[in-house]
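Architecture at a glance
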Amino acid sequence: MVTELAGAAFLPGHTVEVLTDLAVFDAMLRDIRAAKRSITFFTYFCEPGALGDRFARAMAERARAGVRVLWLGDGFACDTLLEAVRAQMEAAGTEVAIHRPIAWYRLHRAQHRNHARLVVIDGVVGYTGGFGLADAWTGEADEGPWRDTSARFTGPSVEEMQAAFLTAWAEATGTLHAGTDFFPPHLPADSAAAGGVPAALVLSPPGLGSTPAERATALTVAGARRTLFISNSYFVPTPLFHRLLIDAARGGGGGGVKGGGGLPGKGL
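Heads up: these notes are all about the structure in this document. (Residues numbered from 1 in each chain as written. Predicted model: local features only at pLDDT ≥ 70, side-chain atom pairs only at ≥ 80, totals over all residues. Heavy atoms only, no water.)

**Quick notes on a nonpolar patch on the surface**
The following threshold applies: Each patch groups residues whose relative accessible area exceeds 30% and which form no salt bridge, using 9 Å between like charges and 5 Å between nonpolar side chains of Val, Leu, Ile, Met, Phe, Trp and Tyr. Areas reported here follow the Shrake-Rupley algorithm with a probe of radius 1.4 Å; residue values treat only the protein chains shown as occluding. By salt bridge we mean one thing: a side-chain nitrogen of Lys or Arg within 4 Å of a carboxyl oxygen of Asp or Glu. Counting from the N terminus, the helices are the DSSP runs of H or I reaching at least four residues and the strands are the DSSP runs of E reaching at least two. Each residue is placed in one exposure class: buried if its accessible area under a 1.4 Å probe, protein chains only, is under 20% of its type's maximum, exposed if it is over 50%, and partly exposed if it falls in between.
A surface patch of nonpolar side chains, amounting to about 250 Å² of accessible area, comprises Val 16, Val 18 and Val 197. Here Val 197 is to be found in strand β8 (residues 197–199). Judged by its relative accessible area of 39%, Val 197 falls in the partly exposed class.

Shown next, in the form of structure tokens:
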């Protein structure tokens, strides 16, 4: 049902490591520094500071070593950092682009932001979560470090994430990349095996009506039978989700998802 209603197919063969707080940056930097073929990096929020500088240096070093490095940042929340480091990054061989830059003649579409965090190393290791490249996440700003949850994973969904990144890159630059640098011919044995953790990648671009992420979340809440854990800094339940959560807590399940209740087209 999730596949049909949210466009997300659960596939076996994943390894998944849940990373909280600063652990995601340490793990990501290790994988970036070990990259051999490609690094594709897209984050919605980033700003100048110590954390952004560390990532810029790490990616520039791999670009100088011959690794294909593509760094894409949102035109509203990431352009300040990218413009600050663009010259040094491009001098090292990194390709830098802005996704949906703000301009007066596009103000009617300015709210159509892509909040994705898509990081893929060598086409086989993926990262996603709530992280941003800003010192607020590390505590190097004026307040304590921000609480966040992210995931490092391998398996079939990495290819989907890579495709999502390259689609956004093509929108920003007019160039669609492909080839074995980004899609290696063979996944590692532990990721390609039929076992492992089942997982699905939910891609949810901005638009009108309910989104794939909303539909997937609603189905997840309605399908809960024993436990339901929610960790999401942007979770602001609408009346339908209030009803789903209350039904789940009472052990009823289903809520507004079953029968004629449906998912309203004006958003959840």
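From this point on, the discussion continues.
**Quick notes on the nonpolar core**
Applied cut-off: Side-chain atoms within 4.5 Å are what join buried Ala, Val, Leu, Ile, Met, Phe, Trp, Tyr and Cys residues into a set we call a nonpolar core. Working rule for contacts: check all heavy atoms of both residues, and any pair within 4.5 Å makes them a contact.
The biggest cluster of nonpolar side chains holds 38 residues, and the ones touching the most others in it are Met 28, Ile 32, Phe 41, Phe 55, Met 59 and Trp 71. Every element with two or more residues in this core is listed here: α2 (23–33), β2 (38–43), α3 (50–64), β3 (68–74), α4 (79–92), β4 (95–99), β5 (118–121) and β6 (125–129). Beyond its immediate stretch of four places on either side in the chain, Ile 32 contacts Ile 39, Phe 41, Phe 55, Ala 58, Met 59, Arg 62 and Ile 121. By size, the runner-up hydrophobic cluster in this structure holds 16 residues, among which are Leu 118, Met 161, Ala 168 and Leu 201.

**Some details on the packing of α3 against α4**
The test is simple: Axes here refer to lines fitted to C-alpha atoms; in helices the fit is confined to the stretch in contact. Angles between the N-to-C directions go from 0 to 180 degrees. The labels follow the angle: roughly parallel below 35 degrees, roughly antiparallel above 145, roughly perpendicular from 65 to 115, and oblique for the rest. By the definition used in this description, the sense in which the near helix is turned from the far one sets the handedness, with an anticlockwise turn below a right angle giving left-handed and a clockwise turn giving right-handed.
As a packed pair, α3 and α4 sit with axes 9 Å apart at the nearest point and diverge in direction by 20°. In this view, α3 runs roughly parallel relative to α4, as classed from their interaxial angle. For the pair α3 and α4, the crossing hand works out as right-handed. Contact residues: Gly 52, Ala 56, Met 59, Ala 60, Ala 63 and Arg 64 in α3; Leu 81, Val 85, Met 89 and Ala 92 in α4.

**Describing the pattern of salt bridges**
Using the criterion set out here, one finds 6 salt bridges in the structure. Note that Asp 31 is salt-bridged to Arg 152, the shortest N-O span being 2.8 Å. Taken as a pair, Asp 31 in helix α2 and Arg 152 in strand β7 (residues 149–154) lie far apart in primary sequence, 121 residues in all. Its salt-bridge partner being Arg 86, residue Glu 90 comes within 3.2 Å of it at the nearest N-O pair. Remark: Arg 86 and Glu 90 occur in helix α4; sequence separation between them is 4 residues, near one turn of the helix. For Glu 90, a relative accessible area of 41% translates into the label partly exposed.

**Side note on the environment of Thr 3**
Relative to the helices and strands, Thr 3 is located in helix α1 (residues 2–6). Sequence separation between Thr 3 and Val 202 is 199 residues, and the spatial gap between their C-alpha atoms is 9.5 Å. When residues no more than four places from it in sequence are discounted, the contact partners of Thr 3 are Ala 8, Ala 9 and Phe 10.

**Focus on the sheet that holds β7**
Applicable threshold: When DSSP finds at least two bridges between two strands, those strands are taken to pair.
Taken together, 8 strands build an open sheet; the order of strands is β4-β3-β2-β5-β6-β7-β1-β8 and the sheet is mixed. In the strand order of this sheet, the two ends are held by β4 and β8, each with one partner. Put simply, the sheet's adjacent strands are angled 30° from each other on average, direction ignored. Bridging between strand β1 (residues 11–20) and β8 involves 2 bridges; their strand directions are antiparallel. Of the residues in β8, the one forming a bridge with Leu 11 is Ala 199. The strands touched by α4 are β3 and β4; relative to β4, the strand with the most contacts, the crossing angle is about 160°.

**Digging into the side chain of His 177**
Selection rule: Polar contact criterion, stated in full: a pair of N or O atoms within 3.5 Å, where within protein one must be able to donate a hydrogen and the other to accept it, and residues adjacent in sequence count only if both atoms are side-chain atoms.
Secondary-structure assignment places His 177 in the loop between α5 (157–173) and α6 (189–192). A polar contact of 3.4 Å, which involves the side chain of His 177, links it to the side chain of Arg 68. For His 177, the side chain forms a polar contact with the side chain of Trp 169, separated by 3.4 Å. Excluding anything up to four places from it in sequence, His 177 contacts Arg 68, Leu 70, Glu 95, Leu 166, Trp 169 and Phe 182.

**A short note on the pairing of β3**
Convention followed: With the strands aimed away from the viewer, a crossover counts as right-handed if its path from the first strand over the helix to the second runs clockwise.
A large share of β3 lies buried, amounting to 6 of its 7 residues. Where β2 meets β3, 6 bridges bridge the pair, whose relative direction is parallel. Bridge pairing in β3 links Ile 39 to Val 69. Regarding the hand of the β-α-β motif, the stretch spanning β2, α3 and β3 is right-handed.

**What to know about unusual backbone geometry**
You will see that Asp 21, though not glycine, has its phi angle at about 55°, which is positive. Checked against the element boundaries, Asp 21 lands in the loop between β1 and α2. Residue class for Asp 21 comes out partly exposed when judged on its relative accessible area of 31%. A positive phi is found at Asp 122, a non-glycine position, where the angle reads about 55°. For Asp 122, a relative accessible area of 10% translates into the label buried.

Without other data, these values stay purely geometric and don't point to any function.
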